[in-house]
Amino acid sequence: MSQKTPRSFFKPLSIGAPEPYRELPVKLERMIHFVPPHLDKVRAKVPDMAPTVDVILANLEDAIPADAKDAARAGAIEMANMYDWQGKGTGFWSRVNCLNSPWFQDDVSELVLKAGHQLDVIMLPKVEGPWDIHFADQYVAQLEAKAGLTRPILFHAILETAEGVARVEEIALASPRMQGISLGPADLAASRKMKTTRVGGGHPFYRVIEDPKEDGSARLSAQQDPWHYTIARLVDACRMAGINAFYGPFGDIGDLEACEQQFRNAFLLGCAGTWSLHPSQIAVAKRVFSPDPEEVKFARKILAAMPDGSGVAMIDGKMQDDATWKQAKVISDLADLVASKDPDLAAAYAG
Ligand SMILES: CC(=O)SCCNC(=O)CCNC(=O)[C@H](O)C(C)(C)COP(=O)(O)OP(=O)(O)OC[C@H]1O[C@@H](n2cnc3c(N)ncnc32)[C@H](O)[C@@H]1OP(=O)(O)O
Ligand SMILES: CC(=O)C(=O)O
Ligand SMILES: [Mg+2]
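Residues numbered from 1 in each chain as written. Chains lettered and ligands numbered in written order. Predicted model: local features only at pLDDT ≥ 70, side-chain atom pairs only at ≥ 80, totals over all residues.

You'll find the chain entered in an unreviewed UniProt entry as Malyl-CoA lyase, with Hyphomonas neptunium given as the organism. The chain has a UniProt comment under Sequence similarities (unreviewed entry) that states "Belongs to the HpcH/HpaI aldolase family." For the chain, the Cofactor (unreviewed entry) comment in UniProt is given as "Mg(2+)". (UniProt positions renumbered as here; feature names shortened; annotations may be inferred.)

In structure tokens, the structure reads:
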């Protein structure tokens, strides 16, 4: 038997480590805002930025130069203590360097020992199989015990190799620490030998074209989404495991329109949130990952028409039954969560 027994799955992996969660804490995580923690100027903005986002992440991995890795780690620990993350309800995460790098061990040990009381989630890059999660799980449990933490730190994996995609279900189920998984479109494109230099989004050459016209006139064609398969697979793996799927980075910072469309496709397919790399992407993520007030109004009509969630009803010419009741509940519950944090949207949903 290669799996743990149901009874041992939820046991702490180290004497003195906190009990793993049986249910994930319900949190609004529309955007994970990436901060380069080695830059004094950007780090100084964190206390003002924290109330405007759902999650701030101190990035230690790619985009941080090798000679700034120690400074980034120190900056991340400083960030942990710059704001009352646990008290004020903005998530504090860090993306550590990958498991085979010279920095992983120090990243994780220093974060847990010096900032573990504020840290919600460790993002693990380039996860290829459940063994990566198991190794980090045991290591973090030992550090949690040493630090005397009473609340478990969760894991978020990035799906950014072909091998990781092939094992995404096993990764999602690997530990009760798993909180979610994000798409890593840049490394994944390289791993798959996709022919693109873009970070997420579409590509002008990836299209479908209509059949030839009898009169020889120009044939219409339209761009397709090269990430559709991966996002759909990611959502199924995560929701099967009771965790959340996330889009990832959209690298064309200047193209907010394309960014919004890519985020919206991910939202519609089931993702809970995305990454923001630049302050301009925060408002886009907030808009996209909060349900539309008209959709919320319609969802609540369905719930009101079928109070016990059974039977059949007609609303505005559309058939409703037990299944559409569940769809409506997804939207209504998300609206309640958004409203608990955002007074403007609370008013829009109440109207
Ligand atoms: C494939 C992957 O792994 S993706 C994840 C790794 N990449 C990252 O984490 C990148 C994070 N983002 C960044 O480093 C930056 O946004 C960059 C490099 C992309 C662009 O930076 P800039 O060229 O400085 O952008 P720009 O000039 O538009 O910045 C405007 C202001 O926003 C600030 N800013 C830019 N990015 C951020 C950020 N992520 N968080 C907070 N503030 C930021 C800048 O410091 C600048 O402030 P100022 O007006 O006080 O000078
Ligand atoms: C997100 C990330 O790390 C990537 O796209 O490679
Ligand atoms: Mg990557």
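After that view of the structure, there is still more to cover.
Engineer: Whenever I open this one, the site of ligand 1 confuses me. Can you help?
Structural biologist: Not every one of the 16 residues close to ligand 1 is listed here, only the nearest: Phe34, Ala63, Ala186, Pro249 and His278. Elements with a contribution of two residues or more to the shell around ligand 1: strand 1 (31-35) and helix 2 (40-43). Classifying every residue of the shell around ligand 1 gives eleven nonpolar, two polar and three charged. (Near = placed C-beta within 6 Å. Helix = DSSP H or I, 4+ residues; strand = E, 2+ residues; numbered from the N terminus. Nonpolar A, V, L, I, M, F, W, Y, C, P; charged D, E, K, R; others polar.)

Engineer: Looking at this model, I keep getting lost on the sheet that holds strand 6 (residues 178-183). Mind explaining?
Structural biologist: Pairing between sheet strands relies on hydrogen bonds along the backbone, with the strands arranged either parallel or antiparallel. Taken in spatial order, the eight strands line up as 9-6-5-4-3-2-1-10 in an open sheet, and their pairing is parallel. Of all the strands in the sheet, the pair left with one neighbour each is strand 9 (244-246) and strand 10 (274-276). Shown here is a sheet whose adjacent strand axes are inclined to one another by a mean of 25°, direction ignored. Bridge count for strand 4 (residues 121-124) against strand 5 (residues 154-159) is four bridges, and the pairing is parallel. Looking at the pairing, Ile122 lines up with Phe155 of strand 5. Across the sheet, helix 7 (residues 130-147) lies against strand 4, strand 5 and strand 6, angled at about 150° from strand 5, the strand it touches most. (Pairing = 2+ DSSP bridges. Axes fitted to C-alpha atoms, helices over the stretch in contact; angles between N-to-C directions. Contact = placed C-beta atoms within 7 Å.)

Engineer: Is there a simple way to think about the site of ligand 2 in this case?
Structural biologist: If you check the shell around ligand 2, you find Asp62, Pro125, Ile158, Glu160, Gly184, Pro185, Ala186, Asp187, Val199, Gly248 and Pro249 and nothing else. Broken down by element, the residue count for the shell around ligand 2 peaks at three residues, all from helix 10 (residues 185-192). Here the residues of the shell around ligand 2 sort into six nonpolar, two polar and three charged.

Engineer: Would you mind going over the domain arrangement of the chain with me for this structure?
Structural biologist: The accessible area lost on association of the parts is a frequent measure of interface size. Parsing the chain into structural domains produces domain 1 (6-289) and domain 2 (295-350). In this structure, domain 1 and domain 2 have C-alpha centres spaced 29 Å apart. (Domains from an automatic or database assignment.)

Engineer: In this structure, what is going on with the confidence of the model for the chain? I would like to understand it.
Structural biologist: The predicted coordinates ought not to be read in detail in places where the model reports low pLDDT. When pLDDT is averaged along the chain, the result is 97, and 100% of the positions lie at 70 or above. Prediction confidence for the complex, expressed as pTM and ipTM, is 0.97 and 0.99 respectively. (pLDDT = per-residue confidence, 0-100.)

Engineer: It is not clear to me how the pairing of strand 6 should be interpreted in this structure. Could you clarify?
Structural biologist: Both faces of the sheet carry side chains from a regular strand, because those side chains alternate between them. Within strand 6, six of the six residues are buried, which leaves it mostly tucked inside the rest of the structure. Alignment of strand 5 against strand 6, held across five bridges, turns out to be parallel. Bridge pairing in strand 6 places Leu159 opposite Leu183. Inspection of the sheet shows strand 6 paired to strand 9 by three bridges, in the parallel sense. (Buried ≥ 20, exposed ≤ 12 C-beta atoms within 10 Å, placed from the backbone.)

Engineer: It is not clear to me how unusual backbone geometry should be interpreted in this structure. Could you clarify?
Structural biologist: Negative phi values dominate among residues other than glycine, just as trans dominates among peptide bonds. Phi at Lys126 takes a positive value of approximately 55°, unusual for a residue other than glycine. Along the chain, the position of Lys126 falls in the loop between strand 4 and helix 7. One non-glycine residue, Lys193, lies in the positive phi region at around 60°. Inspection of the secondary structure assignment puts Lys193 in the loop between helix 10 and strand 7 (207-209). Judged by the 7 C-beta atoms lying within 10 Å of it, Lys193 falls in the exposed class.

Engineer: I keep staring at the UniProt feature "binding site: substrate" (unreviewed entry) in the chain and nothing clicks. Help me out?
Structural biologist: The positions that UniProt labels "binding site: substrate" (unreviewed entry) are, in the present scheme, Arg95 and Glu160. Taken along the chain, the residues just named run across 66 residues; in space they keep tight, none of their C-alpha pairs more than 13.8 Å apart. One can find Arg95 in strand 3 (residues 91-95). Residues within four places of Arg95 in sequence aside, it is in contact with Leu57, Asn59, Leu60, Glu61, Met123 and Pro125. On the secondary structure map, Glu160 appears in the loop between strand 5 and helix 8 (162-166). For Glu160, a count of 24 C-beta atoms within 10 Å gives the class buried. Beyond its immediate chain neighbours, meaning those up to four positions away, Glu160 contacts Pro125, Lys126, Gly184, Asp187, Leu188 and Ser191.

Engineer: What's the story with the packing of helix 6 (residues 104-115) against helix 7 in this structure? I'm lost.
Structural biologist: Each pair of packed helices gets described by two things: the angle between the helix axes and the distance between those axes. Viewed as axis vectors pointing N to C, helix 6 and helix 7 meet at an angle of 30°, and their least axial separation amounts to 9 Å. By the angle class used here, helix 6 and helix 7 are roughly parallel. Crossing hand, helix 6 versus helix 7: right-handed. Contacts between helix 6 and helix 7 involve Val108, Ser109, Val112 and Leu113 on the former and, on the latter, Tyr139, Val140, Leu143, Glu144, Lys146 and Ala147. Looking at the contact of helix 6 with helix 7 residue by residue, the classes come out as seven nonpolar, one polar and two charged. (Parallel < 35°, antiparallel > 145°, perpendicular 65-115°, else oblique. Left-handed = near helix turned anticlockwise from the far one by under 90°.)

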